[in-house]
Amino acid sequence: MAIEVKFWGVRGSIACPSPDHVVYGGNTSCIEMRVGDEILIFDAGTGIRNLGKDLIRRNVTHAHIFLTHTHWDHINGFPFFVPAYNPNASFRVLAGHLTHQGGVERVFSAQMADPTFPVPLSAMQSKLTFEDFSVGDELHPADGIVIKTAPLRHPNGATAFRVEHDGNAVCYVTDTEHDPETPDPIILDFIEDADLVIYDCTYTDEEFPQKVGWGHSTWQEGIRLCRAANAKQLALFHHDPEHDDAAMTVIEQKARATWSGAFAARDEMVLHIE
C-alpha cells in the first residue's frame, strides 16, 4: 500500500498570499499523509484551513495531528480548522517538545484565549485529545504504521517524524539548523534509505551566514544529507516568504541540476510513495 502525501502549506515563518506567491503557494506548514484508512496530519499552519474543508468534502471525521513544534507558523491555522467544531468528529493532537513546559493543550488553549482570539478552544465541539510524548519515542497510530521521532536543532525545540508503512518511509524534517562543518548525525541516521525526505530548505547556502541562530537550513544541505543517507527524493520545504515564485523557480532549477531527486514542494502537490 502506498503512502499518499499532500502538501497543504509549504511556506515558512508567515503566510504570504500575493500575486508573486501563486506557483509555490503562500500557506504555512501543513502536510497530510493518507496511509490506508488513517489520516496523518503534520503541523497546523494556515494550510490546515483548506485541508479541513477537504476533509469535510471527503466526510473524514477522524485524524491524528502531529506537531513539529508550536511556533505560530505551525499552529495558527488550527482555529480555522472547521472539522474540529463538529461534535461527531475526533482528533488527536500530539507534540514531543512540550512535556516539561505544561503540555500541548496549554499552548493551543492560550492561542485561542483573550485578548488574542475571540473564540476559545472549548468552542471546538469535536472530541479533541491532546497528548504529549518525549522526542525519541516511537509512535503507533494504527496497525502497520510506525512513526519514529527525533530531536531537531531549533529554538524552543522541534521534532522530526519518520512514517514507515509496508516497506515505505517518508521523513518530515523541519525546522532545523545545520552546522556547515559537520552533517547532523541524528538526521543522517533518521533519513537513511527514506523514499521521501521533506526538509527545511528556508535559505540558500549564500544566505545562511546572515541567518545563523534562526533555526533553519538550506536546500544545498538537504541534498548533501539525502545523498549521504541514500534517500531517494528530497522535497524542498518551508520556503522563505522573501522567495517569491521567480526566486523559487531559480532555486528549484539549481536544486534539480545539482541532484535529480530534488524538487520544490508546492501547495496542493500530491505524491504517491510506493
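Predicted, not measured: the structure shown is a model, and the values here were computed from it.

A.B. asks: Explain the overall build of the protein chain here, please?
C.D. replies: For the protein chain, the count of helices and strands is 5 helices and 14 strands. The C-alpha radius of gyration of the protein chain comes to 17 Å, within 12% of the 19 Å expected for a compact globule of 274 residues. Projecting the C-alpha coordinates of the protein chain onto the three principal axes gives extents of approximately 50 × 40 × 40 Å. Taking all contacts inside the protein chain whose residues are at least 6 apart in sequence as the whole, residues at least 24 apart take part in 67%. Here the protein chain contributes 20 positive and 39 negative side-chain charges, whose respective centroids are spaced 4 Å apart.

A.B. asks: How should the sheet that holds strand β6 (residues 127–132) be read in this particular structure?
C.D. replies: Across a sheet, strands are paired by hydrogen bonds formed along the backbone, either parallel or antiparallel in direction. Read from one edge to the other, the open sheet built from 7 strands follows the order β6-β5-β4-β3-β2-β1-β14, with strand pairing classed as mixed. The open sheet is flanked by β6 and β14 (270–273), the only strands paired with a single partner. Each neighbouring strand pair of the sheet contributes to a mean axis angle of 20 degrees, computed without reference to strand direction. Sheet analysis places strand β4 (residues 62–67) next to strand β5 (residues 90–95), joined by 6 bridges and oriented parallel. Bridge pairing links His-62 to Ser-90 in β5. Contacts from helix α1 (residues 47–57) reach β1 (3–9), β2 (30–35) and β3 (38–42) within the one sheet, and its direction differs from that of β2 by about 35 degrees. The sheet strands contacting helix α2 (residues 104–111) are β4, β5 and β6, and the helix crosses β6 at an angle near 125 degrees.

A.B. asks: In this structure, what is going on with the pattern of salt bridges? I would like to understand it.
C.D. replies: Close approach of charged atoms allows side chains of opposite charge to pair. A complete count under the given rule lists 14 salt bridges for this structure. When the shortest N-O distance is used, the salt bridge between Arg-153 and Asp-184 registers 3.5 Å. Pair noted here: Arg-153 is in the loop between β8 (145–152) and β9 (158–165) and Asp-184 is in the loop between β10 (168–173) and α3 (185–190), with a separation of 31 residues, a long-range link. Note that Asp-195 and Lys-232 form a salt bridge whose closest N and O atoms lie 3.6 Å from each other. Taken as a pair, Asp-195 in the loop between α3 and β11 (196–200) and Lys-232 in the loop between α4 (219–229) and β12 (234–237) lie far apart in primary sequence, 37 residues in all. Because the salt bridges share partners, they merge into one network encompassing Glu-4, Glu-32, Arg-34, Asp-54, Arg-57 and Arg-58.

A.B. asks: Sorry if this is basic, but what is going on with the environment of His-272 here?
C.D. replies: Within the element layout of this structure, His-272 appears in strand β14. In this structure the C-alpha to C-alpha distance between His-272 and Glu-4, which are 268 residues apart in sequence, comes to 4.6 Å. Apart from the residues lying within four places of it in its own chain, the contact partners of His-272 are Ile-3 and Glu-4.

A.B. asks: When you look at the nonpolar core in this model, what are you seeing that I'm missing?
C.D. replies: Nonpolar side chains tend toward joint burial in soluble globular proteins. Membership of the largest hydrophobic core comes to 30 residues, with the highest contact counts inside it found for Ile-41, Leu-67, Phe-78, Phe-81 and Phe-108. If you list the elements that add at least two residues to this core, you get β3, α1, β4, β5, α2 and β6. If we ignore the near neighbours within four places in the chain, the residues touching Phe-108 are Leu-67, Thr-70, Ile-75, Phe-78, Val-93, Leu-121 and Phe-130.

A.B. asks: Where do I start with the pairing of β6 in this structure?
C.D. replies: Side-chain positions along a regular strand alternate between the two faces of the sheet. Inspection of the sheet shows β5 paired to β6 by 6 bridges, in the parallel sense. Counterpart to Ser-90 in the pairing with β6 is Lys-127.

A.B. asks: Mind showing me how you'd approach the side chain of Ser-29 here?
C.D. replies: Turning to its location among the elements, Ser-29 is positioned in the loop between β1 and β2. Accessibility expressed as a relative area gives 0% for Ser-29, which makes it buried. Discounting chain neighbours no more than four positions away, the residues touching Ser-29 are Gly-9, Arg-11, Phe-42, Asp-43, Ala-44, Gly-45, Asp-73, His-74, Tyr-172, Phe-237 and His-238.

How each quantity is defined
- Residues numbered from 1 in each chain as written.
- Predicted model: local features only at pLDDT ≥ 70, side-chain atom pairs only at ≥ 80, totals over all residues.
- Heavy atoms only, no water.
- Helix = DSSP H or I, 4+ residues; strand = E, 2+ residues; numbered from the N terminus.
- Rg over C-alpha atoms; globule rule 2.2 N^0.38 Å.
- Contact = heavy atoms within 4.5 Å.
- Lys, Arg positive; Asp, Glu negative; His and termini not counted.
- Charge placed at Lys NZ, Arg CZ, Asp CG, Glu CD.
- Pairing = 2+ DSSP bridges.
- Axes fitted to C-alpha atoms, helices over the stretch in contact; angles between N-to-C directions.
- Salt bridge = Lys/Arg side-chain N within 4 Å of Asp/Glu carboxyl O.
- Core = buried A, V, L, I, M, F, W, Y, C linked by side-chain atoms within 4.5 Å.
- Buried < 20%, exposed > 50% of the residue type's maximum accessible area, 1.4 Å probe, protein only.

Bear in mind that shape data such as this cannot, by itself, settle questions of function.
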